[in-house]
Amino acid sequence: MESANMGTWGVENFENDDALDWVLDLEKAKDESVLVEAFDQFEKGDEEDPAGAGDCALAAAEVVAALKGNPPEDCPEEVSTWIKGRPAPPTAIVEQARRVTQQILEKSETRDLWAESEYFDAWQKTIGDLLQRLE
């Protein structure tokens, strides 16, 4: 697969280097503040790596969906381990995950990169699935 950007090998939200690097931060986290930080980083705008911020925010949204009992099919073992025994996420975090995911889908550097690839439709389907699992 020719990727939308370097370090990406698939359209799923954990199929890129930025998301998997973020999972390393998740493993060290004691609470859900790591999720909020990923969303905030995207919303503030990372001028150095806007697509990377989008990839990390999508990974965080996947963790929120998993905490709601709706993990992705390709959920990394590290994520499954981190969510085990944790309560459902607070409503504010679920709402932020939905809002950020919708923003990434509609207008973001991440979207623009995928739009330039032959995998744009598949990526849009992946994000649509995530939005459904966040409901």
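Residues numbered from 1 in each chain as written. Predicted model: local features only at pLDDT ≥ 70, side-chain atom pairs only at ≥ 80, totals over all residues. Heavy atoms only, no water.

Draft legend 1. Highlighting the nonpolar core. Within the largest apolar cluster, 40 residues are counted, with the highest numbers of intra-cluster contacts made by Trp22, Leu35, Phe39, Val63 and Trp123. Among the secondary structure elements, those contributing two or more residues to this core are α1 (17–28), α2 (33–44), α3 (50–67), α4 (77–83), α5 (91–106) and α7 (120–133). Per-element tally for this core: the top contributor is α3, with 11 residues. (Core = buried A, V, L, I, M, F, W, Y, C linked by side-chain atoms within 4.5 Å. Buried < 20%, exposed > 50% of the residue type's maximum accessible area, 1.4 Å probe, protein only. Helix = DSSP H or I, 4+ residues; strand = E, 2+ residues; numbered from the N terminus.)

Draft legend 2. Focus on the environment of Gly54. Inspection of the secondary structure assignment puts Gly54 in helix α3. Expressed as a C-alpha distance, the spacing of Gly54 and Leu113, which sit 59 residues apart in the sequence, is 11 Å. Other than its neighbours up to four places away in sequence, Gly54 contacts Phe42, Ile104 and Thr110. (Contact = heavy atoms within 4.5 Å.)

Draft legend 3. Fine view of α2. Helix length check: α2, at 12 residues, gives a terminal C-alpha distance of 16 Å against a target of 16 Å (1.5 Å per residue), a fit within 8%. Within α2 the residues assigned to the buried category are Val34, Leu35, Ala38, Phe39 and Phe42. Axial view of α2: buried residues confined to an arc of 140°, hence all on one face. Residues of α2 that are exposed and point over 90 degrees away from its buried face: Glu37 and Lys44. Taken from the residues just after α2, Gly45 is the one with a positive phi, measuring 90°. (Expected span 1.5 Å × (residues − 1). Arc of directions from axis to C-beta.)

Draft legend 4. The packing of aromatic side chains, seen in detail. Inspection of every chain in the model, using the stated rule, returns two aromatic pairs. With a centroid separation of 6.3 Å and an interplanar angle of 10°, the aromatic rings of Trp114 and Trp123 are classed as stacked. Judged by centre distance (6.2 Å) and plane angle (20°), the ring pair of Phe120 and Trp123 falls under stacked. Of this pair, Phe120 and Trp123 both sit in helix α7, three residues apart, which is roughly one turn of that helix. (Phe/Tyr/Trp six-rings, centres within 6.5 Å; stacked < 30°, edge-to-face > 60°.)

Draft legend 5. The arrangement of a negative patch on the surface in detail. On the surface, Asp17, Asp21, Asp25, Asp31, Glu32 and Glu37 cluster together to form a negatively charged patch. Residue contributions to the negative patch peak at three residues, all from α1. Its location among the elements puts Asp17 in helix α1. The exposure class assigned to Asp17 is partly exposed, which follows from its relative accessible area of 39%. (Patch = residues over 30% accessible without salt bridge, like charges linked within 9 Å, V, L, I, M, F, W, Y side chains within 5 Å. Areas by Shrake-Rupley, 256 points an atom, 1.4 Å probe, with all protein chains shown as cover. Salt bridge = Lys/Arg side-chain N within 4 Å of Asp/Glu carboxyl O. Lys, Arg positive; Asp, Glu negative; His and termini not counted. Charge placed at Lys NZ, Arg CZ, Asp CG, Glu CD.)

Draft legend 6. Structural detail: the pattern of salt bridges. If you walk through the whole model with that rule in mind, you get four salt bridges. The residue Arg133 makes a salt bridge to Glu62 at a minimum N-O spacing of 2.7 Å. Residue Arg133 is found in helix α7, and its partner Glu62 is found in helix α3; the two are separated by 71 residues along the sequence. This pair shows no difference in class: Arg133 is buried, exactly as Glu62 is. Here Asp129 and Arg133 are joined by a salt bridge, their closest N and O atoms 2.8 Å apart. Taken as a pair, Asp129 and Arg133 lie in helix α7 at a separation of four residues, close to a single helical turn.

Draft legend 7. View of the packing of α3 against α5. Two elements in contact, α3 and α5, have axes whose closest approach is 9 Å; the angle formed by their N-to-C orientations is 140°. It follows that α3 is oblique to α5 by the angle criterion. By crossing handedness, the relation of α3 to α5 is classed as left-handed. Within the contact between the two elements, α3 uses Gly54, Ala57, Leu58, Ala61 and Val64 and α5 uses Ile93, Val94, Ala97, Val100, Thr101 and Ile104. Classifying every residue of the contact of α3 with α5 gives nine nonpolar, two polar and no charged. (Axes fitted to C-alpha atoms, helices over the stretch in contact; angles between N-to-C directions. Parallel < 35°, antiparallel > 145°, perpendicular 65-115°, else oblique. Left-handed = near helix turned anticlockwise from the far one by under 90°. Nonpolar A, V, L, I, M, F, W, Y, C, P; charged D, E, K, R; others polar.)

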